[in-house]
Every structure is written in C-alpha cells, then in structure tokens.
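Letter by letter, the chains look like this.
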Amino acid sequence: MAALNINGKSYQADVDARTPLLWVLRDTIGLTGTKYGCGIAQCGACTVHIDGVAMRSCSVPVSAVVGKQITTIEGLANNGTLHKVQQAWVEHDVPQCGYCQSGMIMAVASLLAQKPKPTDAEIDQAITNICRCGTYQQVRTAIHSIASA
Ligand code: FES
Ligand code: FES
C-alpha cells in the first residue's frame, strides 16, 4: 500500500512497490492526462512534477515518491486559472494532436520555475520531449513569450 500526495490530495494505492508511477496515476487513480509513450524514459509523454521537478513517471517506482508532492497536468492549473504555460500554449496554438503535450507542458513549467528566462541552448538541454507532430518551434516561441512577459 502506497500513500501518495497527488495534486494536493491524499491517495492510497494498493500496488506493488515497484509499479511505475505512471501506471498508478493512470490505472489506479484514474488521472489519464499523463500519457504513455515509450515506457523507457525516452519520450517525455509521462512527465510529472515530483516536489516541483520534472520526472518521467514511467521510470519512477511508486515506492520512490511516497511522501513527496506529485503534480500532474490535472493539478497544474490553480483553482480554474490556467498555469502561464497552459495560457501560452493556447495563445500560440502549440498542440497539434496533443498526445505529447501534457508531458511537454509539465517539462516546460519545471524549466521556467528554475530558469525564468531560458536561452535556446537551455531549452534544448531541458526539453528533450519527443513530439511526433513536430511542434518544437511553437514550443520554443511560447516559452520565449512567457520569458519576455
Ligand atoms: S512514456 Fe515515459 S518517457 Fe516515454
Ligand atoms: S502534438 Fe502530436 S505528438 Fe506532439
């Protein structure tokens, strides 16, 4: 049994300690905004925040996040007010199919919390999420729009 804090709420998950957090979020808790892409920490579709830091939840055992603050895309907005990254995504029409975008948004939100005005090189280093639709340029534009606001 794992006691988890997700988006400010407490949950008890009756799962094996080695279960990847992604599956607990999606299958046990029912928070399906976090997506499965590769399962091997390569694509970033499953990105969530653990104590504010972007992590790939497909490769984090649930036992490693007990007692930590887990934030998923469902918890990024604050009382109905979109996070600044979500607002910029709307303004700049970033998503195409959308599948990668919850992970992309979580990765960018973590980057901006640590580096409010990232350079292109810092963006390239931090945002390694894969987008099959090729939204990389819109992602970059939206990040710079937030940084310059
Ligand atoms: S599903 Fe986790 S990085 Fe691809
Ligand atoms: S928007 Fe389609 S995979 Fe990124």
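See the structure printed just above.
Each chain has its residues counted from 1, following the order in which its sequence is written. By the order in which they are written, chains take letters starting at A while ligands take numbers starting at 1. The predicted nature of this model means local features are confined to residues of pLDDT at least 70 and side-chain atom pairs, given and counted, to a pLDDT of 80 or more, with totals for whole chains, interfaces and linings taken over all residues. Hydrogens are left out, water is left out, and the side-chain values use all remaining heavy atoms of the structure.

**Remarks on the packing of aromatic side chains**
Between rings of Phe, Tyr and Trp, where Trp is taken as its six-membered ring, a pair exists when centres lie within 6.5 Å; planes separated by under 30 degrees are stacked, by over 60 edge-to-face, and by other angles tilted. Counted under the stated rule, the structure contains one aromatic pair. Between W23 and Y36, the aromatic rings sit 5.2 Å apart at their centres with planes inclined by 40°, giving tilted as the arrangement. Here Y36 lies in the loop between α1 (21-29) and β3 (47-50) and W23 lies in helix α1, a separation of 13 residues in the sequence. We classify W23 as partly exposed; its relative accessible area is 31%. Here the term buried applies to any residue with accessible area under 20% of the maximum for its type, exposed to any over 50%, and partly exposed to those in between, with areas from a 1.4 Å probe on protein chains only. When its relative accessible area of 35% is taken as the criterion, Y36 is described as partly exposed. Secondary structure elements are taken from DSSP: a helix is a run of H or I of four residues or more, a strand is a run of E of two residues or more, and numbering for both begins at the N terminus.

**Remarks on the sheet that holds strand β5 (residues 69-71)**
The criterion for strand pairing is that DSSP finds at least two bridges linking the strands in question. Reading across the sheet, the five strands line up as β2-β1-β5-β3-β4 and stay open at both edges, with mixed pairing between neighbours. Edge positions in the sheet fall to β2 (9-13) and β4 (53-56), since each has one partner strand and no second. Averaged over all neighbouring strand pairs, the angle between strand axes comes to 40°, with direction disregarded. Note: β3 against β5, two bridges, orientation antiparallel. Opposite I50, over in β5, you have I70 as the bridge partner. Between two residues, a contact is recorded if the distance between any of their heavy atoms is within 4.5 Å. Orientation is described by axes fitted as lines to C-alpha atoms, over the contacting stretch for helices, and by angles from 0 to 180 degrees between their N-to-C directions. Its contacts with the sheet put helix α3 (residues 101-114) on β3, β4 and β5, and the angle it makes with β3 is roughly 35°.

Just distances and angles here, no functional claims.
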